[in-house]
Amino acid sequence: MPKKILVTFASRTGSTSGVAERIYAVLKDLGENPELKPMNEVSDITGYDAVVAGSAIQANKWLPEAMDFMHRHQTSLSEKPFASFTVCMTLAMKKGEQYRPTISGWIAPVRALARPVSEGIFAGALNIKKIPDAGDRLKFKLSTLFGVWKEGDYRSWHKIEKWAASLPELLN
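Residues numbered from 1 in each chain as written. Predicted model: local features only at pLDDT ≥ 70, side-chain atom pairs only at ≥ 80, totals over all residues. Heavy atoms only, no water.

## Thoughts on the environment of Leu170
And then number 1: With respect to the helices and strands, Leu170 occurs in helix α7 (residues 157-170).
And then number 2: For the pair Leu170 and Ala83, spaced 87 residues apart in the sequence, the C-alpha separation amounts to 8.5 Å.
And then number 3: When sequence neighbours within four positions are dropped, the list of residues in contact with Leu170 reads Pro81, Val117 and Ser118. (Helix = DSSP H or I, 4+ residues; strand = E, 2+ residues; numbered from the N terminus. Contact = heavy atoms within 4.5 Å.)

Structure (structure tokens):
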């Protein structure tokens, strides 16, 4: 019988929601029974066999609503298989892969609340027009002018799909 898996996410500009949608699609294609919901729409996780939760990184940490989700559901998350994924533009920088250990460190507060059976860390997409905060838009615009980032979609769908395909075995 397929597992009922919650795939939930917190996203600012849609990049992380796109990753969650792809994870959901892979799980569905593999015969699982996933459900996709934004974190702020999840009130109870007790009816799920497993949870896959992810967030964008902002200011070196998961989004506030993602950490709120983790705190609210800490007990339930510690009682069932849980996997986390993180979407971070730092990986899209020149030599961004060298920052993977640093990004992993930013996820320590998530690990402190629930121990994931697997962690996916993926590059995101940058579309400055989609950034909701004017101050953040200015910071990203300046950083693109100085060559820190380039606008574009840096999500590796192959890596995301490969990670998602490994989840059913880990979430039992």
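## Considerations on the pattern of salt bridges
And then number 1: The final tally for this structure, using the stated rule, is 9 salt bridges.
And then number 2: Taking the shortest distance from any N to any O, the salt bridge between Glu97 and Arg100 comes out at 2.8 Å.
And then number 3: Among the residues examined, Arg100 registers a relative accessible area of 26% and is labelled partly exposed. (Salt bridge = Lys/Arg side-chain N within 4 Å of Asp/Glu carboxyl O. Buried < 20%, exposed > 50% of the residue type's maximum accessible area, 1.4 Å probe, protein only.)

## A closer look at helix α2 (residues 64-72)
And then number 1: Turning to α2, its buried residues are Ala66, Met67, Phe69 and Met70. One face of α2 carries all of its buried residues, which in axial projection span an arc of 150 degrees.
And then number 2: On its buried side, α2 packs onto β1 (4-10), β3 (50-58), β4 (61-62), α3 (74-78), β5 (82-87) and α5 (108-113). (Arc of directions from axis to C-beta.)

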